[in-house]
Amino acid sequence: AQKITQTQPGMFVQEKEAVTLDCTYDTSDQSYGLFWYKQPSSGEMIFLIYQGSYDEQNATEGRYSLNFQKARKSANLVISASQLGDSAMYFCAMRPTDSWGKLQFGAGTQVVVTP
Amino acid sequence: EADIYQTPRYLVIGTGKKITLECSQTMGHDKMYWYQQDPGMELHLIHYSYGVNSTEKGDLSSESTVSRIRTEHFPLTLESARPSHTSQYLCASSGSGWGHSNQPQHFGDGTRLSIL
């Protein structure tokens, strides 16, 4: 069974600074996908970034980048130049290739960006 | 931007009522999912569907039921609501085809359900 671990329940970060959100996973599968989602207080889930297990380069999407270390089974999200609107809950999720699309989510990390 | 819609956005209702939470998507996705999430907590998969007339129970046991008569529609029903059903319910969909493993799930805005 797969398991996603996010060890940081909450973090404060100052505006314009970078923040790293930790995510480790446990799987015996060789092929899988890793996802990060943002959930503001309004409740919707917003897809941020994807990393495939066979991708050689770390994924980037604007201010979001993923620090993928396959051997350590970690997929940390880096948010650069934090903005007040980045305050939200962030979830890491994993999908094995043969899971027919099902995602396993971590417990989430609450980020609060301060002026 | 993803086109997946959930109604109602908020629902406060008494114990014993029958409830149907609506979820529709216009992307033609074959896979659809329902998650239950308590405030500040992780998401738990309660139902999923691979296509029309296909429904499966998720990892978290739920008293709710689902149906998939049309590709775009995946409603969730509670026959007799109880206070323990109070939670947020999120619907999602994802596509298939080549490279389907990298297809993100697109979520609706969720329904916040409160049973009195």
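Residues numbered from 1 in each chain as written. Chains lettered and ligands numbered in written order. Predicted model: local features only at pLDDT ≥ 70, side-chain atom pairs only at ≥ 80, totals over all residues. Heavy atoms only, no water.

**A word on the overall build of chain A**
In terms of helices and strands, chain A carries 0 helices and 12 strands. Overall, chain A shows an N-to-C arrangement of helices and strands of β-β-β-β-β-β-β-β-β-β-β-β. Based on the C-alpha atoms only, the size of chain A along its principal axes is roughly 45 × 30 × 20 Å. Out of the 115 residues in chain A, the part that is buried amounts to 49%. Partitioning the intrachain contacts of chain A with sequence separation of at least 6 by distance along the chain shows that 54% fall at a separation of at least 24. Distance between charge centroids for chain A: 3 Å, based on 9 positive and 11 negative side chains. (Helix = DSSP H or I, 4+ residues; strand = E, 2+ residues; numbered from the N terminus. Buried < 20%, exposed > 50% of the residue type's maximum accessible area, 1.4 Å probe, protein only. Contact = heavy atoms within 4.5 Å. Lys, Arg positive; Asp, Glu negative; His and termini not counted. Charge placed at Lys NZ, Arg CZ, Asp CG, Glu CD.)

**A word on unusual backbone geometry**
For the bond running from Thr7(B) to Pro8(B), omega is -10°, close enough to zero to count as cis. For Lys16(A), which is not glycine, the phi torsion reads 75° and is therefore positive. Looking at the element boundaries, Lys16(A) is found in the loop between strand S2 (10–14) and strand S3 (19–21). Of the residues examined, Lys16(A) reaches a relative accessible area of 69% and is grouped as exposed. Backbone geometry places Lys73(A), a non-glycine residue, at a positive phi of 55°. By the secondary structure assignment, Lys73(A) is in the loop between strand S8 (64–69) and strand S9 (74–79).

**Some words on the side chain of Ser64(B)**
Residue and element names in this part refer to chain B. Looking at the element boundaries, Ser 64 is found in the loop between strand S6 (54–57) and strand S7 (65–66). A residue is classified by how much of its surface remains accessible, and Ser 64, at 1% relative accessible area, is buried. A distance of 2.9 Å separates the side chain of Ser 64 from the side chain of His 47, its partner in a polar contact. Within the structure, Ser 64 has its side chain in polar contact with the side chain of Ser 62 (distance 2.6 Å). (Polar contact = N/O pair within 3.5 Å; in protein donor to acceptor, adjacent residues only side chain to side chain.)

**A few points about the interface of chain B and chain A**
Across the boundary between the two partners, chain B contributes 26 residues, which contact 23 residues of chain A. Taken together, both faces of the contact between chain B and chain A bury some 2000 Å²; the carbon and sulfur share is 53%. Counting across the chain B and chain A interface gives 0 salt bridges. The interface formed by chain B and chain A holds 7 residue pairs in polar contact (both at pLDDT 80 or more) in total. Breaking the side of chain B that touches chain A down by element, the ones donating at least two residues are strand S4 (31–37), strand S5 (44–51) and strand S9 (87–94) of chain B. Of the residues assigned to the side of chain B that touches chain A, the class counts are 10 nonpolar, 10 polar and 6 charged. (Buried area = accessible area lost by both parts, 1.4 Å probe. Salt bridge = Lys/Arg side-chain N within 4 Å of Asp/Glu carboxyl O. Nonpolar A, V, L, I, M, F, W, Y, C, P; charged D, E, K, R; others polar.)

**A short note on the layout of surface pockets**
Regions of empty space are outlined by a rolling probe, equal in size to a water molecule, passed over the atoms. Considered as a void within the structure, the second largest pocket measures approximately 300 Å³ in volume. Lining the second largest pocket are 18 residues, with Gln39(A), Ser41(A), Pro39(B), Gly40(B) and Arg112(B) positioned closest to its centre. Taken together, the elements giving at least two residues each to the lining of the second largest pocket come down to strand S10 (88–96) of chain A together with S9 of chain B. Sort the elements by how many residues they give to the lining of the second largest pocket and S10(A) lands first, with 3 residues. Among the residues making up the lining of the second largest pocket, the classes are represented as 6 nonpolar, 10 polar and 2 charged. (1 Å grid on protein atoms, 1.4 Å probe; cavity = no way out; pocket = protein on both sides within 12 Å on 5 of 7 lines; lining within 4 Å. Points joined across faces, edges and corners; volume = space filled by probe spheres on them.)

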